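Coordinate inspection notes
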Amino acid sequence: TSLSLLSRFKGALVGAVLGDCIGAYFEFEWAPSIEKEKIVNLVNKIEAESKKDKKKKVWEFTDDTAMTRSVARSLIAHPDFSSVDMAKKFTEEYHKEPDRGYGNAVITIFEKLKASDYKDIYKPASEQFDGQGSYGNGGAMRISPAPLLAQREEDNDKITKIELTDKITRLTHTHRDAINGAVMQSLAINLALKCHEEVDIDNFVDTLKSDMAKVEEKSRSKLPKPDTEDGAEVEEFPYCKVLETVREYAKQEQKPDMKDINDNLGTEISALKSVPAALFSFLRASKYGDDFKDRNPFERTMMLSISLGGDTDTIATMAGAIAGACYGINVIPESWQTCCEGVSDAIEFAEELHKLQGK
Ligand code: MG
Ligand code: MG
Ligand code: MG
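To start, this report covers the structure provided alongside it. (Residues numbered from 1 in each chain as written. Chains lettered and ligands numbered in written order. Predicted model: local features only at pLDDT ≥ 70, side-chain atom pairs only at ≥ 80, totals over all residues. Heavy atoms only, no water.)

**Description of the overall build of the chain**
- Per the secondary structure count, the chain includes 17 helices and zero strands.
- Counting the 359 residues in the chain, one finds 58% classified as buried.
- Here the contacts in the chain between residues at least 6 apart in sequence split such that 76% fall between residues at least 24 apart.
- Carbon and sulfur atoms make up 48% of the accessible area of the chain, which amounts to about 15,400 Å² in all.
- In the chain, 48 positive and 62 negative side-chain charges are present, and the distance between their average locations comes to 3 Å. (Helix = DSSP H or I, 4+ residues; strand = E, 2+ residues; numbered from the N terminus. Buried < 20%, exposed > 50% of the residue type's maximum accessible area, 1.4 Å probe, protein only. Contact = heavy atoms within 4.5 Å. Areas by Shrake-Rupley, 256 points an atom, 1.4 Å probe, with all protein chains shown as cover. Lys, Arg positive; Asp, Glu negative; His and termini not counted. Charge placed at Lys NZ, Arg CZ, Asp CG, Glu CD.)

Here it is in structure tokens:
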């Protein structure tokens, strides 16, 4: 296709920023879904605001973008990955701007890292939740620069996107579901970089599912099983299983009921109950207009992902990264870009990561 890799890189990183900034507007409502009128009104407001010459309102980014920026900056400085550098960047960024809305537990890690002078980089994360590790979506929400850096098949004999994603995620999240959720998000971005205009939903899900089957097979033996409160059996292939539900809701003719999405995919703070919703939003919006018929597929992805409610900034940031990787920067409205904080940095990071291709 004529869509360049650079355009897709910019699309992915800008899409991620926009999802966070725009989605964050509804984050504290924590509603089971957001009415479409509210989202349309917000987007209209952003578009009106962008036309002002001065005193434009700026929609600010949250922890999702703060951490993604550190991932990007660290990978650009150390393309072979430096755990110490990345952990330092996360920690310093947090201490510089602690009010970006970080998860409650993750900040303990930053305190411990700083106090220990970065001695044992992976230890604080492994101590979270009595050694169970965080299952939050904080690993998945920030991963977008990694699949861009390691997008080429040839890179897989250096550090694969899966290894890279795993190492970045473990700095804060050691729970199986948090790591595998970040891996699924990473693989989805990578697949989206190769998509043509028309997204083949079945093909996308099939490819992702076969990769995730290997990932989940591996983590069956390698990772401690998470214990569940009620002592119920632990699902061994939770992501493979939910991918079938994603496929079903993405493809069905009828617009899915938001309650069903909430019940069966989830819009929560955990990776397992938010990464699938982001992927669903991208896939569904590639094919159907539903409530946002007058919008392009990128815009629809963003608006649909926010309308699911719950952890809106994080689901939208993940959906935005996938959609941006698929459609490129040119379909992303200028007006949205000028009103959201951190867009020009994201474009710079995309350019730097693109320069590193083939090195
Ligand atoms: Mg956030
Ligand atoms: Mg590489
Ligand atoms: Mg969030």
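**As for the packing of aromatic side chains**
- One pass over the structure, following the stated rule, counts seven aromatic pairs.
- With 5.1 Å between their ring centres and 90° between their planes, tyrosine 94 and tyrosine 102 make a pair best called edge-to-face.
- The exposure class assigned to tyrosine 102 is buried, which follows from its relative accessible area of 11%.
- On the numbers, 6.1 Å between centres and 55° between planes, the contact of phenylalanine 282 with tyrosine 327 is tilted. Here phenylalanine 282, found in helix α13 (residues 275-287), pairs with tyrosine 327, found in helix α15 (residues 312-327); they are 45 residues apart in sequence, far enough to count as distant. Of the two residues, phenylalanine 282 and tyrosine 327, both sit in the buried class.
- Members of the aromatic cluster, joined through ring pairs, are Tyr94, Tyr102 and Phe110. (Phe/Tyr/Trp six-rings, centres within 6.5 Å; stacked < 30°, edge-to-face > 60°.)

**Description of the packing of helix α1 (residues 5-23) against helix α14 (residues 297-307)**
- Running from amino to carboxyl end, α1 crosses α14 at an angle of 40°, the nearest separation of the two axes being 10 Å. One finds that α1 runs oblique with respect to α14. Considering only the axes of α1 and α14, their crossing is right-handed. For the pair α1 and α14, the contacting residues are Gly15, Leu18, Gly19, Ile22 and Gly23 in the first and Phe298, Met302 and Ile306 in the second.
- Of the residues contributing to the contact of α1 with α14, the split by class is five nonpolar, three polar and no charged. (Axes fitted to C-alpha atoms, helices over the stretch in contact; angles between N-to-C directions. Parallel < 35°, antiparallel > 145°, perpendicular 65-115°, else oblique. Left-handed = near helix turned anticlockwise from the far one by under 90°. Nonpolar A, V, L, I, M, F, W, Y, C, P; charged D, E, K, R; others polar.)

The values reported here are purely geometric and, on their own, carry no functional implication.
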